[in-house]
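Survey of secondary and tertiary structure
The chain contents come next:
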Amino acid sequence: MIRLDIFSDPVCPWCYIGKAHLDRALETRPDHPFLIEWHPFQLNPDMPPEGMDRRSYLETKFGGRQAAVEAYAQVQAAAEAAGLEIDFSAIDRTPNTLDAHRLIHWAGLEGRQAAVVSALFRGYFREGLDIGAPEVLADIAGRCGMDRALTLRLLSSDADREDLAARDADARAKGVRAVPTFLVARRHVVPGAQPVELWQQVIDELAAAKGPDA
């Protein structure tokens, strides 16, 4: 197997789109060699713990309402091209995502990371869930086969909080500036929401390098 490390944030629409492209490529190459692990990167590391109003956040980030509308029109078009449904009107708040990253970490320990990552993206972008809220995160954990009550207890503690923040900081120190960022075999960096065809090419090249008898 070949490691594919993905640095991502579940409130990043380009991460959602990038995942959709990768998933489609993997479906067309069922014998792909990737062992996938998701890693924390907060788009908004200084976000208040309670999050903030979505409209205020976007207008501040993009410098006004019209600029925010134009930026997200591009995102919407890319999402539709990727076959994704995104309901931006359902999103009321932009959350702090450290707890969501803690959940992704715990899911990885239980072999349920892929399911939890998918549920977080779907919950935020399609259902407008506040994925910074402990009850919401515990519900997602439960739906993905994790222990809901245990997850809620962990979220109420500081378990792994410092570790996840340190991993985020380490990624930035090593040059990750935006997400999604993919790291193939711990050597090759693939930035951005790459198209399906690129991932198919990467998989085919890895298979060719491995050889028919490997």
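Residues numbered from 1 in each chain as written. Predicted model: local features only at pLDDT ≥ 70, side-chain atom pairs only at ≥ 80, totals over all residues. Heavy atoms only, no water.

**Focus: helix α8 (residues 161-173)**
For α8, spanning 13 residues, the distance from its first C-alpha to its last is 18 Å, which sits close to the expected 18 Å at 1.5 Å a residue. Among all positions of α8, only L164, D168 and A171 are buried. Along the long axis of α8, the arc covered by the buried residues comes to 60 degrees, so they all point the same way. Seen from the buried face of α8, the exposed residues on the opposite side, beyond 90 degrees, are E162 and A173. Residues of α8 that are buried in the fold lie against β1 (2-8), β2 (34-40) and α4 (98-109). Immediately beyond the C-terminal end of α8, within one or two residues, lies G175, with a positive phi of roughly 110 degrees. (Helix = DSSP H or I, 4+ residues; strand = E, 2+ residues; numbered from the N terminus. Expected span 1.5 Å × (residues − 1). Buried < 20%, exposed > 50% of the residue type's maximum accessible area, 1.4 Å probe, protein only. Arc of directions from axis to C-beta. Contact = heavy atoms within 4.5 Å.)

**Structural notes on the pairing of strand β6 (residues 188-191)**
Sheet topology note: the strand β5 (residues 181-184)/β6 ladder contains four bridges and is antiparallel. Residue pairing in the sheet places T181 in a bridge with P191 of β6. In sequence, β5 turns back onto β6 through a hairpin of three residues, with A185 there showing a positive phi of about 55 degrees. (Pairing = 2+ DSSP bridges.)

**Re the nonpolar core**
In a soluble, globular protein the nonpolar side chains are often hidden away together inside. In this structure, L4, F34, V116, L120, F125, I140 and W199 are the most contacted members of the largest nonpolar core, which totals 60 residues. When sequence neighbours within four positions are dropped, the list of residues in contact with L120 reads P10, A100, I104, I131, L137 and I140. (Core = buried A, V, L, I, M, F, W, Y, C linked by side-chain atoms within 4.5 Å.)

**Section: the sheet that holds β2**
Read from one edge of the open sheet, four strands run β2-β1-β5-β6, paired in mixed fashion. Strand pairing shows two members of the sheet lacking a second neighbour, β2 and β6, which therefore form its edges. Averaged over all pairs of adjacent strands, the angle between their axes in this sheet comes to 20 degrees, without regard to strand direction. Contacts between helix α9 (residues 196-210) and the sheet are confined to β1, β2, β5 and β6, with β2 contributing the most and set at about 130 degrees to the helix. (Axes fitted to C-alpha atoms, helices over the stretch in contact; angles between N-to-C directions.)

**Side note on the pairing of β5**
Along β5, one buried face is formed by T181 and L183 and the opposite face, lined by F182 and V184, is buried too. In the sheet, β1 pairs with β5 via four bridges, with the strands oriented antiparallel. Looking at the pairing, L4 lines up with V184 of β5.

**A word on the packing of aromatic side chains**
Counted by the stated rule, this structure contains ten aromatic pairs. Look at Y72 and F88: their rings are 4.8 Å apart centre to centre, the planes differ by 90 degrees, and that puts the pair in the edge-to-face class. Here F88 lies in the loop between α3 (65-81) and β4 (93-94) and Y72 lies in helix α3, a separation of 16 residues in the sequence. Plain terms: the ring middles of F182 and W199 are 4.9 Å apart, the flat faces sit at 70 degrees to each other, and that makes the pair edge-to-face. Of this pair, F182 sits in strand β5 while W199 sits in helix α9, and the two are 17 residues apart along the sequence. (Phe/Tyr/Trp six-rings, centres within 6.5 Å; stacked < 30°, edge-to-face > 60°.)

**Here's the deal with the environment of I17**
Summarising the element assignment, I17 is placed in helix α1 (residues 13-28). Given the relative accessible area of 1%, I17 is considered buried. In the structure, I17 is positioned 91 residues away from G108 in sequence and 21 Å away in space, judged by C-alpha atoms. When neighbours within four sequence positions are excluded, I17 is seen to be in contact with V75, A78, A79, A82, L84 and A193.

**Some remarks on the environment of G51**
Structurally, the position occupied by G51 is in the loop between β2 and β3 (52-53). By relative accessible area, G51 is classed as buried at 4%. For G51, the residues in contact, after removing those within four places along its chain, are R93, T94, P95 and N96.

**A short note on the packing of α4 against helix α6 (residues 134-143)**
α6 packs onto α4 with a crossing angle of 20 degrees between their chain directions and a minimal axis gap of 10 Å. Between α4 and α6, the angle is such that the two are roughly parallel. For the element pair α4 and α6, the recorded crossing hand is right-handed. Contact residues: D99, A100 and L103 in α4; L137, I140 and A141 in α6. (Parallel < 35°, antiparallel > 145°, perpendicular 65-115°, else oblique. Left-handed = near helix turned anticlockwise from the far one by under 90°.)

**A closer look at unusual backbone geometry**
The peptide bond linking V179 to P180 adopts the cis configuration, its omega dihedral lying at 5 degrees. One non-glycine residue, D160, lies in the positive phi region at around 65 degrees. Inspection of the secondary structure puts D160 in the loop between α7 (148-155) and α8. Under the relative-accessibility criterion, D160 is labelled partly exposed at 31%.

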